[in-house]
Amino acid sequence: MIERVKKLLRKIKIFFYKSMRERTYLKIFYFVRQHGVLHFDKPRRLSEKLFYLKVYYRTRKDLIQEVYDKYTARDYVKKKAGSQYLSKLFGVYDSVDEIDFDSLPDKFALKVTQSCGCNLFCSDRENFHIGETKRQMSEWLQEMNSERVQIETEEGYYHNGNAKIICEEYLEDSHGAIPLDVRFWCFNGKVKFYCMDFDTVDEKGNKKKFYYRNTYDVDGELIPVDLGRPHNTVFARPDLPHFEEMLKLAETLAEDFAFVRVDLYNIDGRIVFGELTPIPQSGSGRITPKKYDYLFGEMLKLPDVDFRELLR
């Protein structure tokens, strides 16, 4: 049911994008998501500047495609920081028929490389259904390699029609729990704050629909802001081993971007690269109270390019 609703909303968004001028579409989309006016000439709020960047990044398509693809992003990390920060890679496949499930470890993660959320995880072989897995991964892969994905949204340039399936290690800490995922928000190559999610999994190990997200400055002080999720002062910030190394790694990976979110895992002190996200939630995540949307916006210096000239 949820998947059908997502597909319907995606179709509606595509319809409007194809039916009107991009300038009009962005203004409407911004108003619906942010409850405000998108100023093309002098954007001040971070949410506005992220809308600017998702159009501007079209001019840096090669870089965005490299880091968006979960396979080629590994090469980017290796070049910038070293392979020691990468998860174990068990295989790369052009189709599900190439996957030899018998050769895989007991626990693993399958991901479509040019996608958001097209991932399946095996934590228990006995309850893992290979047939359903192959059907779902094949459907996702076909969709991500379709020509329409590349032309029907303002961020279609993320895709190049060469998505693959990768199999990586299943990440868990020494207690078998999901490791801490730290999301560093990097402005002009510098970490300004980071987010951590709390109480995200139910007693069966499934991701909850409702959970909390706390935001901290680089000194570890809680910022009372909601970034797409409500914050909660009940949760204490974990004392992460090698945190300074995580900060340094995030800034190294952010050097080539005006803005990017760098996601890193801390697994009992082992730092593992998660992903690079040029525009979190496609710029639709609300920042409340609104004063932080303005405060964070002041932190970001945009490229000196006329936004209107970038519009199609």
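Remember, predicted model here, so these are calculated numbers, not experimental data. (Residues numbered from 1 in each chain as written. Predicted model: local features only at pLDDT ≥ 70, side-chain atom pairs only at ≥ 80, totals over all residues. Heavy atoms only, no water.)

Engineer: Even after reading the chapter, I still don't get the sheet that holds strand β4 (residues 165-168), so can you show me in this structure?
Structural biologist: Neighbouring strands of a sheet are bound in pairs by backbone hydrogen bonds; such pairs are parallel or else antiparallel. Spatially, the four strands line up as an open sheet ordered β1-β4-β2-β3, and their pairing is antiparallel. Lying at the two open borders of the sheet, with one neighbouring strand each, are β1 (89-93) and β3 (119-122). When strand polarity is set aside, the average angle formed by the axes of neighbouring strands in this sheet is 15°. Summarising the sheet, β1 and β4 pair through four bridges and their orientation is antiparallel. Residue pairing in the sheet places Gly 91 in a bridge with Cys 167 of β4. (Pairing = 2+ DSSP bridges. Helix = DSSP H or I, 4+ residues; strand = E, 2+ residues; numbered from the N terminus. Axes fitted to C-alpha atoms, helices over the stretch in contact; angles between N-to-C directions.)

Engineer: Explain unusual backbone geometry here, please?
Structural biologist: Keep in mind that most residues, glycine aside, have a negative phi and that most peptide bonds are trans. With an omega of -5°, the peptide bond running from Thr 288 to Pro 289 counts as cis. Mapped onto the fold, Pro 289 is located in the loop between β12 (287-288) and α9 (290-299). Here His 35, not a glycine, exhibits a phi torsion of approximately 55°, which is positive. Assessed through its relative accessible area of 47%, His 35 is described here as partly exposed. The backbone of Asp 268 shows a phi angle near 55°, a positive value even though the residue is not glycine. Using a relative accessible area of 51% as the deciding quantity, one classes Asp 268 as exposed. (Buried < 20%, exposed > 50% of the residue type's maximum accessible area, 1.4 Å probe, protein only.)

Engineer: Got a minute to help me understand the environment of Ala 258 in this structure?
Structural biologist: Structurally, Ala 258 is set in the loop between α8 (243-253) and β10 (259-267). The exposure class assigned to Ala 258 is buried, which follows from its relative accessible area of 12%. When sequence neighbours within four positions are dropped, the list of residues in contact with Ala 258 reads Leu 53, Tyr 57, Cys 186, Phe 187, Asn 188, Leu 300, Lys 301 and Pro 303. (Contact = heavy atoms within 4.5 Å.)

Engineer: How do you make sense of α9 when you look at a structure like this?
Structural biologist: Structurally, the α-helix is built with 3.6 residues per turn, so residues lying three or four positions apart point the same way. Taken together, the buried positions of α9 are occupied by Tyr 292, Asp 293, Phe 296 and Gly 297. Along α9, the residues classed as buried sweep out an arc of 140° about the axis, all on the same side. Across from the buried face of α9, at angles greater than 90 degrees, the exposed residues are Lys 291 and Glu 298. (Arc of directions from axis to C-beta.)

Engineer: Before we go on, may I ask you to explain the environment of Asp 226 in this structure?
Structural biologist: With respect to the helices and strands, Asp 226 occurs in strand β9 (residues 226-227). Its relative accessible area of 22% is what places Asp 226 among the partly exposed residues. The spacing of Asp 226 and Pro 289 is 63 residues in sequence and 7.3 Å in space, taken between C-alpha atoms. Not counting residues up to four positions away in its chain, the partners in contact with Asp 226 are His 231, Arg 286, Ile 287 and Thr 288.

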